[in-house]
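Summary of the model geometry
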Amino acid sequence: MGYPKLVVNKENLIKNVKEIIRICNAEEIEVCGVTKCYGGILDVEKVYIEGGIKTIGHARVDNFKEMKNLDVKKLLLRIPSISEVEDVIEYTDISLNSEIKTIRELSKTAISKGVVHDIILMVDLGDLREGILKNDLDEYVKNILLLKGVNLKGIGVNLTCFGGVIPTDENLGELVELSERVEKDFSIKLDIISGGNSSSIYKVLDGTINKKINSLRIGEGIIFGTEASYKQRIPNTSAEVLSLELEVIELKEKGSMPKGEIGLSAFGETVNYKDIGKIKRCIVKCGRQDIDLEDLKPMDENIKIIGGSSDHTILDVSNYKKNLEIGGIIKFRITYKGLLALGTSKYVFKEVK
Ligand SMILES: *Cc1c(COP(=O)(O)O)cnc(C)c1O
(Lines give C-alpha, C1' and ligand atoms only; values in the text may rest on other atoms or scores of the structure.)
Protein backbone atom coordinates (compact mmCIF):
# COMPACT_ATOMS: atom_id res chain seq x y z
CA MET A 1 0.00 0.00 0.00
CA GLY A 2 1.22 3.50 -0.76
CA TYR A 3 0.52 7.02 0.42
CA PRO A 4 -1.43 9.17 1.16
CA LYS A 5 -2.88 6.58 3.51
CA LEU A 6 -6.05 7.01 5.53
CA VAL A 7 -5.65 4.72 8.53
CA VAL A 8 -8.67 3.61 10.53
CA ASN A 9 -7.76 2.28 13.97
CA LYS A 10 -9.99 -0.76 14.42
CA GLU A 11 -9.68 -1.02 18.19
CA ASN A 12 -10.65 2.61 18.77
CA LEU A 13 -13.46 2.50 16.22
CA ILE A 14 -14.99 -0.60 17.84
CA LYS A 15 -14.71 1.12 21.21
CA ASN A 16 -16.70 4.10 19.90
CA VAL A 17 -19.28 1.95 18.13
CA LYS A 18 -19.91 -0.02 21.32
CA GLU A 19 -20.02 3.06 23.53
CA ILE A 20 -22.53 4.92 21.33
CA ILE A 21 -24.68 1.79 21.14
CA ARG A 22 -24.48 1.42 24.93
CA ILE A 23 -25.47 5.06 25.52
CA CYS A 24 -28.39 4.86 23.10
CA ASN A 25 -29.59 1.39 24.07
CA ALA A 26 -29.91 2.59 27.66
CA GLU A 27 -32.68 4.87 26.34
CA GLU A 28 -34.06 2.09 24.12
CA ILE A 29 -32.75 3.77 21.00
CA GLU A 30 -31.36 1.76 18.13
CA VAL A 31 -28.29 3.14 16.36
CA CYS A 32 -27.99 3.29 12.60
CA GLY A 33 -24.23 3.44 11.99
CA VAL A 34 -23.61 6.07 9.33
CA THR A 35 -20.48 5.18 7.38
CA LYS A 36 -21.07 7.40 4.33
CA CYS A 37 -18.09 9.66 5.05
CA TYR A 38 -15.61 6.81 4.50
CA GLY A 39 -16.88 6.58 0.94
CA GLY A 40 -17.45 2.82 1.20
CA ILE A 41 -14.63 0.82 2.79
CA LEU A 42 -15.81 -2.76 3.24
CA ASP A 43 -13.45 -3.42 6.16
CA VAL A 44 -14.90 -0.41 7.96
CA GLU A 45 -18.47 -1.69 7.52
CA LYS A 46 -17.32 -4.98 9.04
CA VAL A 47 -15.94 -3.21 12.10
CA TYR A 48 -19.29 -1.49 12.68
CA ILE A 49 -21.09 -4.82 12.37
CA GLU A 50 -18.61 -6.50 14.71
CA GLY A 51 -19.24 -3.69 17.20
CA GLY A 52 -22.96 -4.49 17.19
CA ILE A 53 -24.46 -2.24 14.52
CA LYS A 54 -27.57 -3.77 12.93
CA THR A 55 -28.28 -1.02 10.37
CA ILE A 56 -25.72 0.79 8.21
CA GLY A 57 -26.53 4.16 6.63
CA HIS A 58 -25.03 5.50 3.40
CA ALA A 59 -26.09 8.51 1.39
CA ARG A 60 -25.10 6.99 -1.96
CA VAL A 61 -26.61 3.77 -3.15
CA ASP A 62 -23.36 2.75 -4.88
CA ASN A 63 -21.74 2.20 -1.51
CA PHE A 64 -24.17 -0.63 -0.80
CA LYS A 65 -23.29 -2.63 -3.90
CA GLU A 66 -20.14 -4.11 -2.36
CA MET A 67 -22.01 -4.81 0.86
CA LYS A 68 -24.56 -7.14 -0.66
CA ASN A 69 -23.33 -10.15 1.30
CA LEU A 70 -22.98 -8.40 4.64
CA ASP A 71 -25.57 -9.40 7.20
CA VAL A 72 -26.86 -5.94 8.11
CA LYS A 73 -29.84 -3.75 7.26
CA LYS A 74 -28.99 -1.15 4.61
CA LEU A 75 -30.55 2.29 4.99
CA LEU A 76 -30.28 4.89 2.25
CA LEU A 77 -29.94 8.31 3.89
CA ARG A 78 -30.24 10.62 0.94
CA ILE A 79 -33.75 10.63 -0.44
CA PRO A 80 -33.64 8.46 -3.58
CA SER A 81 -33.68 9.92 -7.07
CA ILE A 82 -36.03 8.50 -9.71
CA SER A 83 -33.04 7.46 -11.84
CA GLU A 84 -31.64 5.18 -9.13
CA VAL A 85 -34.84 3.48 -8.00
CA GLU A 86 -33.80 0.10 -9.46
CA ASP A 87 -30.60 0.10 -7.41
CA VAL A 88 -32.36 1.33 -4.30
CA ILE A 89 -34.71 -1.65 -4.40
CA GLU A 90 -31.93 -4.05 -5.30
CA TYR A 91 -29.29 -3.00 -2.77
CA THR A 92 -31.07 -1.39 0.17
CA ASP A 93 -33.75 -2.46 2.66
CA ILE A 94 -35.01 0.91 3.74
CA SER A 95 -34.77 4.51 2.55
CA LEU A 96 -35.62 7.99 3.79
CA ASN A 97 -38.22 9.66 1.56
CA SER A 98 -40.09 12.91 1.04
CA GLU A 99 -41.55 12.80 -2.50
CA ILE A 100 -44.66 10.81 -3.45
CA LYS A 101 -43.57 10.55 -7.08
CA THR A 102 -40.38 8.77 -6.03
CA ILE A 103 -42.21 6.59 -3.51
CA ARG A 104 -44.59 5.49 -6.28
CA GLU A 105 -41.60 4.51 -8.43
CA LEU A 106 -40.11 2.57 -5.51
CA SER A 107 -43.43 0.82 -5.12
CA LYS A 108 -43.65 -0.13 -8.82
CA THR A 109 -40.12 -1.49 -8.92
CA ALA A 110 -40.50 -3.37 -5.64
CA ILE A 111 -43.68 -5.02 -6.92
CA SER A 112 -41.95 -6.04 -10.14
CA LYS A 113 -39.14 -7.62 -8.13
CA GLY A 114 -41.52 -9.25 -5.68
CA VAL A 115 -40.13 -7.49 -2.62
CA VAL A 116 -41.33 -4.98 -0.06
CA HIS A 117 -39.18 -1.90 0.55
CA ASP A 118 -39.39 -0.08 3.87
CA ILE A 119 -39.60 3.69 3.88
CA ILE A 120 -39.18 6.32 6.53
CA LEU A 121 -41.12 9.47 5.76
CA MET A 122 -39.04 12.55 6.53
CA VAL A 123 -40.71 15.59 8.05
CA ASP A 124 -39.10 19.01 7.93
CA LEU A 125 -39.22 20.60 11.35
CA GLY A 126 -37.24 23.71 10.54
CA ASP A 127 -33.78 22.74 9.31
CA LEU A 128 -34.96 23.16 5.70
CA ARG A 129 -33.16 20.31 4.01
CA GLU A 130 -35.24 17.22 3.13
CA GLY A 131 -38.69 16.50 4.49
CA ILE A 132 -42.36 17.06 3.85
CA LEU A 133 -44.22 19.88 5.57
CA LYS A 134 -46.29 18.93 8.63
CA ASN A 135 -49.51 20.01 6.96
CA ASP A 136 -48.95 17.51 4.15
CA LEU A 137 -48.39 14.55 6.47
CA ASP A 138 -51.90 13.09 6.37
CA GLU A 139 -52.08 13.32 2.60
CA TYR A 140 -48.70 11.58 2.28
CA VAL A 141 -49.53 8.81 4.71
CA LYS A 142 -52.88 8.21 3.02
CA ASN A 143 -51.24 7.91 -0.39
CA ILE A 144 -48.39 5.71 0.82
CA LEU A 145 -50.77 3.30 2.53
CA LEU A 146 -52.55 2.79 -0.79
CA LEU A 147 -49.34 1.50 -2.37
CA LYS A 148 -48.10 -2.07 -2.48
CA GLY A 149 -44.39 -2.89 -2.51
CA VAL A 150 -43.57 -0.20 0.04
CA ASN A 151 -44.11 -0.33 3.78
CA LEU A 152 -44.35 2.83 5.87
CA LYS A 153 -41.86 1.79 8.53
CA GLY A 154 -41.66 5.08 10.35
CA ILE A 155 -41.15 8.80 10.32
CA GLY A 156 -38.00 10.80 10.86
CA VAL A 157 -36.42 14.19 11.01
CA ASN A 158 -33.05 15.58 10.09
CA LEU A 159 -31.67 18.55 12.01
CA THR A 160 -28.43 20.53 12.32
CA CYS A 161 -27.46 19.75 8.74
CA PHE A 162 -28.40 22.71 6.62
CA GLY A 163 -30.06 25.26 8.86
CA GLY A 164 -28.07 24.35 11.97
CA VAL A 165 -31.34 23.88 13.88
CA ILE A 166 -30.57 22.05 17.13
CA PRO A 167 -32.72 19.15 18.39
CA THR A 168 -34.88 20.33 21.29
CA ASP A 169 -37.83 19.14 23.36
CA GLU A 170 -39.99 21.23 21.02
CA ASN A 171 -38.97 19.89 17.61
CA LEU A 172 -38.44 16.27 18.73
CA GLY A 173 -41.67 16.48 20.70
CA GLU A 174 -43.40 17.65 17.57
CA LEU A 175 -42.07 14.63 15.64
CA VAL A 176 -43.41 12.31 18.33
CA GLU A 177 -46.80 14.06 18.39
CA LEU A 178 -47.07 13.74 14.62
CA SER A 179 -46.23 10.04 14.80
CA GLU A 180 -48.86 9.45 17.49
CA ARG A 181 -51.47 11.32 15.50
CA VAL A 182 -50.73 9.28 12.38
CA GLU A 183 -50.87 6.02 14.33
CA LYS A 184 -54.23 6.96 15.80
CA ASP A 185 -55.83 8.44 12.68
CA PHE A 186 -54.76 5.63 10.37
CA SER A 187 -54.80 2.78 12.91
CA ILE A 188 -51.26 1.79 12.04
CA LYS A 189 -48.10 1.20 14.02
CA LEU A 190 -44.94 3.09 13.12
CA ASP A 191 -41.94 0.97 14.12
CA ILE A 192 -39.33 3.69 13.74
CA ILE A 193 -39.31 7.24 15.09
CA SER A 194 -35.95 8.47 13.86
CA GLY A 195 -34.87 11.54 15.82
CA GLY A 196 -31.95 12.78 13.79
CA ASN A 197 -28.18 12.45 13.70
CA SER A 198 -25.23 12.89 16.07
CA SER A 199 -26.56 16.26 17.14
CA SER A 200 -29.33 14.46 19.09
CA ILE A 201 -26.82 12.54 21.24
CA TYR A 202 -26.53 15.31 23.78
CA LYS A 203 -30.22 14.81 24.60
CA VAL A 204 -29.53 11.11 25.14
CA LEU A 205 -26.54 11.90 27.37
CA ASP A 206 -28.43 14.32 29.59
CA GLY A 207 -31.49 12.05 29.73
CA THR A 208 -33.87 14.50 28.07
CA ILE A 209 -34.43 12.69 24.77
CA ASN A 210 -38.14 12.11 24.13
CA LYS A 211 -38.93 8.52 25.23
CA LYS A 212 -40.75 7.76 21.99
CA ILE A 213 -37.67 8.40 19.84
CA ASN A 214 -36.31 4.91 19.17
CA SER A 215 -33.75 5.43 16.44
CA LEU A 216 -30.84 7.75 15.69
CA ARG A 217 -28.53 7.86 12.68
CA ILE A 218 -25.01 8.40 13.95
CA GLY A 219 -21.98 9.31 11.84
CA GLU A 220 -19.70 11.87 13.46
CA GLY A 221 -20.47 10.76 17.02
CA ILE A 222 -18.98 7.34 16.36
CA ILE A 223 -16.08 8.38 14.15
CA PHE A 224 -14.89 11.38 16.13
CA GLY A 225 -16.65 10.99 19.49
CA THR A 226 -17.86 14.54 19.03
CA GLU A 227 -20.67 16.51 17.46
CA ALA A 228 -20.32 19.97 16.03
CA SER A 229 -22.78 21.69 18.36
CA TYR A 230 -21.99 19.55 21.44
CA LYS A 231 -18.62 20.96 22.27
CA GLN A 232 -17.40 18.30 24.68
CA ARG A 233 -16.14 14.84 23.88
CA ILE A 234 -18.80 12.17 24.27
CA PRO A 235 -17.61 10.39 27.45
CA ASN A 236 -15.56 7.21 26.96
CA THR A 237 -15.07 7.69 23.24
CA SER A 238 -11.73 7.79 21.48
CA ALA A 239 -10.49 10.75 19.43
CA GLU A 240 -7.95 8.48 17.77
CA VAL A 241 -9.99 6.60 15.19
CA LEU A 242 -8.53 8.23 12.10
CA SER A 243 -5.14 9.36 10.96
CA LEU A 244 -3.70 10.40 7.64
CA GLU A 245 -0.16 9.31 6.81
CA LEU A 246 1.70 11.38 4.24
CA GLU A 247 5.03 10.65 2.62
CA VAL A 248 7.91 13.11 2.51
CA ILE A 249 9.05 13.89 -1.05
CA GLU A 250 11.24 16.95 -0.50
CA LEU A 251 13.20 18.18 2.49
CA LYS A 252 15.29 21.32 2.17
CA GLU A 253 16.35 24.41 3.98
CA LYS A 254 15.01 27.37 2.03
CA GLY A 255 13.92 30.92 2.65
CA SER A 256 10.54 31.73 4.12
CA MET A 257 9.88 34.52 1.63
CA PRO A 258 9.19 33.83 -2.05
CA LYS A 259 11.75 35.56 -4.26
CA GLY A 260 10.73 37.45 -7.40
CA GLU A 261 7.80 39.47 -8.47
CA ILE A 262 4.68 38.36 -6.56
CA GLY A 263 1.37 37.82 -8.36
CA LEU A 264 -1.45 35.45 -7.50
CA SER A 265 -1.04 31.81 -6.42
CA ALA A 266 -2.29 28.88 -8.53
CA PHE A 267 -5.64 29.31 -6.79
CA GLY A 268 -5.94 32.99 -7.58
CA GLU A 269 -5.16 33.96 -4.02
CA THR A 270 -2.76 36.61 -2.77
CA VAL A 271 -0.52 35.04 -0.21
CA ASN A 272 1.07 37.02 2.57
CA TYR A 273 4.42 35.76 3.76
CA LYS A 274 6.51 36.86 6.67
CA ASP A 275 10.25 36.75 6.24
CA ILE A 276 11.60 34.74 9.16
CA GLY A 277 14.82 33.77 7.42
CA LYS A 278 15.76 30.27 6.38
CA ILE A 279 13.53 27.45 7.55
CA LYS A 280 13.44 23.68 7.11
CA ARG A 281 10.75 23.05 4.55
CA CYS A 282 9.20 19.69 3.87
CA ILE A 283 6.88 18.72 1.03
CA VAL A 284 4.51 15.81 1.58
CA LYS A 285 2.67 13.95 -1.14
CA CYS A 286 -0.89 15.21 -0.81
CA GLY A 287 -2.62 18.34 -2.00
CA ARG A 288 -5.83 20.21 -2.31
CA GLN A 289 -7.10 17.68 -4.82
CA ASP A 290 -7.13 15.23 -1.89
CA ILE A 291 -8.08 17.43 1.06
CA ASP A 292 -8.45 21.12 2.00
CA LEU A 293 -5.49 22.31 4.06
CA GLU A 294 -7.81 23.58 6.78
CA ASP A 295 -8.95 20.00 7.36
CA LEU A 296 -5.43 18.76 8.12
CA LYS A 297 -3.63 19.08 11.43
CA PRO A 298 -0.15 17.65 12.09
CA MET A 299 -0.15 15.30 15.10
CA ASP A 300 3.19 16.70 16.17
CA GLU A 301 2.68 20.25 17.37
CA ASN A 302 6.18 21.22 16.21
CA ILE A 303 5.16 20.86 12.59
CA LYS A 304 3.32 23.74 10.92
CA ILE A 305 1.48 23.74 7.63
CA ILE A 306 2.74 26.65 5.50
CA GLY A 307 0.47 26.10 2.53
CA GLY A 308 -0.16 23.90 -0.42
CA SER A 309 -1.21 23.51 -4.01
CA SER A 310 -3.21 20.86 -5.83
CA ASP A 311 -0.68 18.07 -5.23
CA HIS A 312 1.80 19.39 -2.66
CA THR A 313 1.52 20.30 0.99
CA ILE A 314 4.38 22.36 2.36
CA LEU A 315 5.36 22.13 6.00
CA ASP A 316 7.69 24.07 8.26
CA VAL A 317 9.60 21.38 10.14
CA SER A 318 12.29 23.68 11.61
CA ASN A 319 11.20 22.83 15.17
CA TYR A 320 10.52 19.16 14.61
CA LYS A 321 12.60 17.20 17.09
CA LYS A 322 12.56 13.76 15.49
CA ASN A 323 14.44 12.51 12.50
CA LEU A 324 12.92 13.16 9.08
CA GLU A 325 14.00 11.73 5.75
CA ILE A 326 12.84 11.42 2.19
CA GLY A 327 10.38 8.53 2.08
CA GLY A 328 9.52 9.05 5.73
CA ILE A 329 5.96 9.47 7.02
CA ILE A 330 4.25 12.36 8.80
CA LYS A 331 0.93 11.78 10.56
CA PHE A 332 -2.05 14.11 10.61
CA ARG A 333 -5.44 14.38 12.22
CA ILE A 334 -8.33 15.17 9.91
CA THR A 335 -11.75 16.77 10.25
CA TYR A 336 -15.15 15.36 9.25
CA LYS A 337 -15.03 17.39 6.04
CA GLY A 338 -11.51 16.12 5.42
CA LEU A 339 -12.70 12.54 5.77
CA LEU A 340 -15.43 13.18 3.18
CA ALA A 341 -12.82 14.33 0.68
CA LEU A 342 -10.27 11.59 1.39
CA GLY A 343 -12.93 8.89 1.42
CA THR A 344 -13.93 9.59 -2.14
CA SER A 345 -10.45 10.14 -3.55
CA LYS A 346 -9.09 7.33 -5.67
CA TYR A 347 -5.58 8.59 -4.93
CA VAL A 348 -5.87 7.88 -1.23
CA PHE A 349 -5.07 4.40 0.13
CA LYS A 350 -7.32 3.20 2.92
CA GLU A 351 -6.34 0.78 5.63
CA VAL A 352 -8.14 -0.61 8.66
CA LYS A 353 -5.67 -1.85 11.27
C1 LIG B 1 -25.13 12.17 7.16
C2 LIG B 1 -26.45 11.90 7.73
C3 LIG B 1 -26.56 11.48 9.06
C4 LIG B 1 -25.37 11.37 9.99
O5 LIG B 1 -24.99 12.65 10.43
P6 LIG B 1 -23.90 12.86 11.59
O7 LIG B 1 -24.02 14.28 11.96
O8 LIG B 1 -22.57 12.53 11.00
O9 LIG B 1 -24.26 11.94 12.70
C10 LIG B 1 -27.84 11.20 9.55
N11 LIG B 1 -28.93 11.34 8.76
C12 LIG B 1 -28.85 11.74 7.49
C13 LIG B 1 -30.10 11.88 6.70
C14 LIG B 1 -27.62 12.04 6.93
O15 LIG B 1 -27.55 12.46 5.65
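Residues numbered from 1 in each chain as written. Predicted model: local features only at pLDDT ≥ 70, side-chain atom pairs only at ≥ 80, totals over all residues. Heavy atoms only, no water.

**Describing the environment of N25**
Put simply, the test is: Each helix is a run of DSSP H or I of at least 4 residues and each strand a run of E of at least 2, with the numbering of both proceeding from the N terminus. For the exposure calls, accessible area comes from a 1.4 Å probe over protein chains only, and a residue counts as buried if that area is under 20% of its type's maximum, exposed if over 50%, partly exposed in between.
Mapped onto the fold, N25 is located in helix α1 (residues 10–25). Judged by relative accessible area, which is 43%, N25 ranks as partly exposed.

**Observations concerning the site of the ligand**
What counts, and what does not: Being near a molecule or strand, for a residue, means having at least one of its heavy atoms within 4 Å of it. What qualifies as a polar contact is a pair of N or O atoms within 3.5 Å, subject to a donor-acceptor requirement within protein and to the restriction that residues adjacent in sequence count only when both atoms come from side chains. Surface accessibility in these figures is a Shrake-Rupley result with a 1.4 Å probe; residues are shielded only by whichever protein chains are displayed. Note on residue categories: nonpolar means Ala, Val, Leu, Ile, Met, Phe, Trp, Tyr, Cys or Pro, charged means Asp, Glu, Lys or Arg, and polar means any other residue, Gly included.
The environment of the ligand is made up of 14 residues, and the closest members are K36, S198, R217, G219 and E220. A distance of 2.8 Å separates an oxygen atom of the ligand from a polar atom in the side chain of K36. Y336 is positioned with one of its side-chain polar atoms (N or O) 3.2 Å from an oxygen atom of the ligand. In isolation the ligand exposes 390 Å². Once the protein is present, 94% of that is buried. Looking at side-chain class alone, the shell around the ligand contains five nonpolar, four polar and five charged residues.

**Description of the packing of helix α6 (residues 137–145) against helix α7 (residues 169–186)**
Convention followed: Under this scheme, a helix contributes an axis fitted over its contacting stretch, all axes are lines through C-alpha atoms, and angles between N-to-C directions fall in the 0 to 180 degree range. Angles are sorted into four bins: roughly parallel if under 35 degrees, roughly antiparallel if over 145, roughly perpendicular if 65 to 115, and oblique for all others. Handedness of a helix crossing follows the sense of rotation of the near helix relative to the far helix, less than a right angle counterclockwise being left-handed and clockwise being right-handed. Contacts were defined at the residue level, with two residues in contact if any of their heavy atoms lie within 4.5 Å.
Contact geometry for α6 and α7: axes closest at 11 Å, N-to-C directions at 50°. When the interaxial angle is binned, α6 and α7 end up oblique. The interaxial crossing formed by α6 with α7 has right-handed handedness. Where α6 approaches α7, its residues L137, D138, V141, K142 and L145 are matched on the opposing element by L178, R181, V182, D185 and F186. Of the residues assigned to the contact of α6 with α7, the class counts are six nonpolar, no polar and four charged.

**Digging into the pairing of strand β4 (residues 73–76)**
Put simply, the rule reads: Paired strands, as defined in this entry, are two strands with at least two bridges between them according to DSSP. By definition, the crossover connecting two strands over a helix is right-handed if that path, from the first strand to the second, turns clockwise as seen with the strands pointing away from the viewer.
When strand β3 (residues 55–58) meets β4, the two strands line up parallel, connected through four bridges. Looking across to β4, one finds that H58 is bridged to L76. Relative to strand β5 (residues 94–97), β4 is paired through two bridges, and the arrangement is parallel. Within the sheet, the bridge partner assigned to L75 lies in β5 and is I94. Crossover handedness for the path β4 to helix α4 (residues 85–91) to β5: right-handed.

**Brief notes about helix α10 (residues 336–343)**
Rules: The arc in question is traced by the directions running from the helix axis to the C-beta atoms.
Restricting attention to buried positions, one finds in α10 the residues G338, L339, L342 and G343. Considered in projection along α10, the buried side chains sweep an arc of 130° and stay on one side of the axis. Next to the buried residues of α10 lie β1 (5–8), α9 (220–223), β10 (242–254), β15 (329–334) and β16 (349–352).

**Description of the side chain of E245**
You can see E245 is positioned in strand β10. E245 sits in the buried class, given a relative accessible area of 7%. Apart from the residues lying within four places of it in its own chain, the contact partners of E245 are Y3, P4, K5, V7, I329, I330, K331 and K353.

**Here's the deal with the packing of helix α5 (residues 100–113) against α6**
Remark: α5 packs on α6, axes separated minimally by 11 Å, with the N-to-C direction vectors making an angle of 15°. Looking at the two axes, α5 sits roughly parallel to α6. For the crossing formed where α5 meets α6, the hand is right-handed. Where α5 approaches α6, its residues I100, I103 and R104 are matched on the opposing element by Y140, N143 and I144.

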